[in-house]
Amino acid sequence: MWSIMTLPMMLSIWLRGSYPQPSPWAPAAPGAAGPGGTGRGRGGARGTRTYQGTPTAKPAVIARATARAEALSDWLRHHDPHAWLVTAALTLLAAATRLPLLGRIRRLVFDETYYVKDAFSLNANGYESKWEVPSTWPSPAEGEDAARDAINQAFAQGDFSALVSDPAYVVHPQTGKWLIALGMDVFGNGPFGWRIAAAVAGIISVTLMCRLAWHLFHRHSAVAVAGLVLALDGVSIALSRIGLLDVFLTVFVVAAILCVVLDRRSYRPKWLRLLDSFDPSSNGLGPNAGYRPWLLAAGVMCGLATSVKWSGLYVLATIGIFVVLDDIVVRRGRVKHWLLSGIVVEGIPAFFYLVPTAALVYAVSWWSWFTHPGSWGRKSGTGFVATINDWLAYHQQVLSFHSSLSSPHSYMSSAPQWLIQWRPTSVAFESQATGCRSGDCVRAILALGNPALWWLAALGIVFAAAVLARRALVPGEGYPLAVVALGYAGTYLPWFLYLHRTTFNFYTVVLAPFVALLFTWCTMVAWRLAGEVGSPGLRLAVRLVVVATILLVVACFVFFFPIWSGMLIDRTHWSWRMWLPSWV
């Protein structure tokens with residue numbers, strides 16, 4: 001429902017300045033020397049070379065060297081090395097904000113009690129299993145919480161004897177937990193081992209954001225801003241430092257949308273030439289875009305996202321709508337029956353690129369459940385049909401759980417509060433009497449987005465609406481804003497359907513890349529608008545404001561990093577960072 005409601009917004013963005021835009025990947029015209037091109041003569045001939053006064057073809061070795069040089073030139077034209085250098089630098093910055101102190105909190109925090117132990121049991125038994133207090137242990141206090149605390153304490157100390165072979169009922173697929181298990185395989189079953197996979201995923205999300213910004217804006221400044229603000233975002237840092245699933249979902253969602261952008265850039269130049277040669281007065285439906293491997297890759301990424309958490313389905317749906325809308329907008333004015341043409345000629349193939357691919361990847365992600373008869377929901381029946389029926393019944397049970405989850409929680413937060421980070425999630429909080437100057441010390445991880453980034457991005461929605469209303473977009477600015485709308489539609493708006501559910505602010509880790517992208521778009525457009533101002537003083541003032549917003553994000557990172565990373569600080573210093581009563 002919410003994804004469909006965003007269709008007029010996406011369509012408006014496209015129609016107000018996003019197209020046509022010359023593609024940097026489009027080949028140069030015959031006889032012209034494009035960027036990095038060779039400038040061939042009439043007819044496209046490369047010419048000949050004379051050896052000992054006789055015209056002859058180039059020797060094979062020279063031909064191969066020329067082909068390699070042209071291939072390298074083509075690669076550099078498509079993948080600017082300076083953009084890769086910026087990407088590498090910001091990836092290192094992301095690592096510097098996510099890896100230090102990763103194992104300092106030596107206990108299971110927040111929902112690590114579920115996902116880390118599930119990951120361990122997947123490795124041990126092949127399916128998520130129950131944990132029960134052994135009879136040889138001292139009897140814990142009465143209640144489920146006391147038993148869980150005793151098991152968690154033993155787990156943190158390397159005692160895994162509470163694991164039993166009975167299957168456990170879990171409500172999320174297995175891919176994210178297998179990734180956590182991979183970190184434990186490589187680095188051991190300690191705090192660093194069960195968190196390193198999430199940290200690596202958080203770092204990769206910054207790398208992908210840099211590449212997405214490059215392919216949307218083709219400006220090094222945009223790459224720098226987008227990667228910087230995401231690398232310095234608090235909810236992204238906090239969720240990269242604990243063994244939860246959402247940061248893996250983030251990586252696959254950003255990768256899926258990057259694939260959509262790469263798909264557009266790869267097939268569009270040739271397809272546009274075919275459209276331009278098509279007779280718009282004919283009753284035909286126009287040419288097909290042909291084979292689209294990047295769209296197939298987007299389907300794979302959506303399948304992986306859904307195999308971490310089911311909310312990946314919303315991203316799959318919005319990507320499908322987005323791709324068809326993009327095609328329809330371009331056919332408008334070029335094809336007589338443009339709406340029907342877009343739906344039939346590209347919409348149907350796009351469906352098969354995305355949906356069956358994602359479904360297959362999702363089904364394969366359950367391989368361990370299918371191959372272990374002891375898994376939860378597997379009944380005594382044997383055979384393929386019986387197993388599939390068990391699997392579908394399990395999904396129905398999980399769907400019922402997600403639809404009715406409404407248990408009160410002290411840190412619950414609903415979607416309308418997320419854009420301003422009204423109620424962040426405290427995922428870890430410890431007190432101790434030594435290690436800081438005051439003797440009253442605190443070690444905390446608060447899943448709070450960088451206030452400067454999130455609050456400015458909330459204002460950025462108003463700024464973007466004003467730019468659209470004034471029709472102030474220029475070619476090249478509409479499509480990036482449409483991708484921002486796609487990100488918000490797939491990762492944020494669906495949660496308005498679940499206002500009755502118990503939800504948390506840390507879910508916004510999946511939205512954070514698109515908050516960063518919106519912030520980047522606003523800075524790029526504001527900088528361009530400043531250049532159109534007649535007064536030099538006003539132009540300088542506007543650009544100083546743009547730079548100040550970026551510096552403000554950096555300053556907030558420096559100030560809040562101690563409570564995002566679990567650093568040991570004085571309690572008074574922690575209190576200074578509780579700007580709103582709802583943050584405590």
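K.L.:
Looking at this structure, how should I read the overall build of the chain?
P.N.:
For the chain, the count of helices and strands is 21 helices and seven strands. A total of 584 residues make up the chain; the buried ones form 50% of that total. The contacts of the chain with a sequence gap of at least 6 include a subset with a gap of at least 24, amounting to 79%. When the accessible area of the chain is evaluated, it comes to approximately 25700 Å², of which 66% is carbon and sulfur surface.

K.L.:
How do you make sense of the packing of helix α13 (residues 312-331) against helix α18 (residues 478-491) when you look at a structure like this?
P.N.:
Think of two packed helices as two axes; the pair is described by the angle between the axes and how far apart they sit. For the pair α13 and α18, the least separation of the axes is 8 Å and the interaxial angle reads 150°. In terms of their interaxial angle, α13 and α18 are classed as roughly antiparallel. Crossing handedness for the pair α13 and α18: right-handed. In this structure, α13 uses Tyr314, Val315, Thr318, Ile319, Phe322 and Asp326 to contact α18, whose residues at the interface are Tyr479, Ala482, Val483, Leu486, Ala489, Gly490 and Thr491. In terms of residue class, the contact of α13 with α18 is made up of nine nonpolar, three polar and one charged.

K.L.:
Please clarify how unusual backbone geometry should be interpreted in this entry.
P.N.:
With the exception of glycine, the majority of residues adopt a negative phi angle, and the majority of peptide bonds are in the trans configuration. Positive phi values are uncommon outside glycine, yet Phe110 reaches one of about 50°. Within the secondary structure, Phe110 sits in the loop between α4 (81-98) and α5 (112-125). One non-glycine residue with positive phi stands out, namely Arg471, at about 55°. With respect to the helices, strands and loops of the structure, Arg471 is situated in the loop between α17 (451-469) and α18.

K.L.:
Looking at this model, I keep getting lost on the pattern of salt bridges. Mind explaining?
P.N.:
Opposite charge on two side chains permits pairing when their charged atoms draw close. Counted by the stated rule, this structure contains 14 salt bridges. The partner of Arg148 in a salt bridge is Asp145, with the nearest N and O atoms 3.0 Å apart. Note that Arg148 and Asp145 are positioned in helix α6 (residues 144-156) at a spacing of three residues, about one turn of the helix. Residue Glu532 is joined to Arg528 by a salt bridge in which the shortest nitrogen-to-oxygen separation is 2.9 Å. Given the relative accessible area of 17%, Arg528 is considered buried.

K.L.:
Before we go on, may I ask you to explain α13 in this structure?
P.N.:
Within an α-helix, residues lying three or four positions from one another point in the same direction, as the helix has 3.6 residues per turn. Over its 20 residues, α13 runs 29 Å from end to end, which matches the ideal 28 Å to within 8%, given 1.5 Å per residue. Just downstream of α13, Gly333 is the residue with a positive phi angle, here 90°.

K.L.:
Got a minute to help me understand the state of the cysteines in this structure?
P.N.:
Two cysteines joined by a covalent bond between their sulfur atoms form a disulfide. For the coordinates displayed, the defined rule picks out one disulfide. Cys436 shares a disulfide with Cys441; S-S distance 2.0 Å. Here the S-S torsion is close to -95°, and the disulfide linking Cys436 with Cys441 is therefore left-handed. Like Cys441, Cys436 is buried. Counting only cysteine sulfurs, Cys302 is the nearest neighbor of Cys259, a cysteine outside any disulfide, at a range of 8.8 Å. Classification of Cys259 by relative accessible area gives buried; the value is 8%.

K.L.:
What is the right way to read the sheet that holds strand β7 (residues 568-570) from this model?
P.N.:
Backbone-to-backbone hydrogen bonds join strands into a sheet, with any given pair of strands oriented parallel or antiparallel. One open sheet accounts for three strands, arranged β5-β6-β7; its pairing is antiparallel. In this open sheet, the two strands that pair with only one neighbour each are β5 (425-432) and β7. Averaged over all pairs of adjacent strands, the angle between strand axes in this sheet comes to 35°, irrespective of strand direction. Pairing geometry for strand β6 (residues 441-447) and β7, over three bridges, is antiparallel. The residue bridging Arg443 from the neighbouring strand is Leu568, located in β7. Helix α20 (residues 536-565) rests against β6 and β7 of the sheet, and its axis sits at about 95° to β6.

K.L.:
Is there a simple way to think about the environment of Trp495 in this case?
P.N.:
With respect to the helices and strands, Trp495 occurs in the loop between α18 and α19 (512-531). When its relative accessible area of 15% is taken as the criterion, Trp495 is described as buried. As a C-alpha pair, Trp495 and Ser414 span 81 residues in sequence and 8.0 Å in three-dimensional space. Setting aside chain neighbours within four positions, we find Trp495 in contact with Ser311, Ala415, Trp418, Arg501, Thr503 and Tyr507.

K.L.:
Whenever I open this one, the nonpolar core confuses me. Can you help?
P.N.:
Most often, soluble globular proteins have nonpolar side chains that are buried together. Membership of the largest hydrophobic core comes to 141 residues, with the highest contact counts inside it found for Ile180, Leu239, Ile319, Tyr488 and Trp521. Among all residues touching Ile180, those that are not within four sequence positions of it are Tyr115, Val116, Ala119, Gly193, Trp194, Ala197, Gly243, Leu244, Leu245 and Phe248. Val170, Trp366, Trp391 and Val398 belong to the second largest nonpolar core, which has nine residues in total.

K.L.:
I'm lost on the confidence of the model for the chain in this one. Help?
P.N.:
Parts of the model with low pLDDT should not have their predicted coordinates read in detail. Scored by pLDDT, the chain has a mean of 87; 88% of the residues are at 70 or more. Note that pLDDT drops below 50 for residues 1-57; the model gives that stretch 92 contacts with residues more than four away or on any other chain.

K.L.:
Teacher, can you tell me more about the packing of aromatic side chains here?
P.N.:
For any two aromatic rings, the description comes down to two numbers: the centre-to-centre distance and the angle of the planes. Scanning all chains against the criterion turns up 45 aromatic pairs. Between Tyr169 and Trp376, the ring centres sit 5.4 Å apart and the planes meet at 40°, which makes this aromatic pair tilted. In this pair, Tyr169 is assigned in the loop between β4 (163-167) and α7 (175-187) and Trp376 in the loop between α15 (367-371) and α16 (384-404), connecting sequence segments 207 residues apart. Here Trp376 falls in the partly exposed class, since its relative accessible area comes to 28%. One aromatic cluster is present, built from ring pairs that chain together Phe110, Trp418, Tyr492, Trp495, Phe496, Tyr498, Phe504, Phe506 and Tyr507. When the ring centre of Tyr479 is taken as origin, the NZ or CZ atom of Arg264, which lies over that ring, is 3.8 Å away. The lysine or arginine in question, Arg292, covers the ring of Tyr267, its NZ or CZ lying 4.1 Å from the ring centre.

Criteria and thresholds
- Residues numbered from 1 in each chain as written.
- Predicted model: local features only at pLDDT ≥ 70, side-chain atom pairs only at ≥ 80, totals over all residues.
- Heavy atoms only, no water.
- Helix = DSSP H or I, 4+ residues; strand = E, 2+ residues; numbered from the N terminus.
- Buried < 20%, exposed > 50% of the residue type's maximum accessible area, 1.4 Å probe, protein only.
- Contact = heavy atoms within 4.5 Å.
- Areas by Shrake-Rupley, 256 points an atom, 1.4 Å probe, with all protein chains shown as cover.
- Axes fitted to C-alpha atoms, helices over the stretch in contact; angles between N-to-C directions.
- Parallel < 35°, antiparallel > 145°, perpendicular 65-115°, else oblique.
- Left-handed = near helix turned anticlockwise from the far one by under 90°.
- Nonpolar A, V, L, I, M, F, W, Y, C, P; charged D, E, K, R; others polar.
- Salt bridge = Lys/Arg side-chain N within 4 Å of Asp/Glu carboxyl O.
- Expected span 1.5 Å × (residues − 1).
- Disulfide = S-S within 2.5 Å.
- Pairing = 2+ DSSP bridges.
- Core = buried A, V, L, I, M, F, W, Y, C linked by side-chain atoms within 4.5 Å.
- pLDDT = per-residue confidence, 0-100.
- Phe/Tyr/Trp six-rings, centres within 6.5 Å; stacked < 30°, edge-to-face > 60°.
- Lys NZ or Arg CZ within 6 Å of the ring centre and 35° of its normal.

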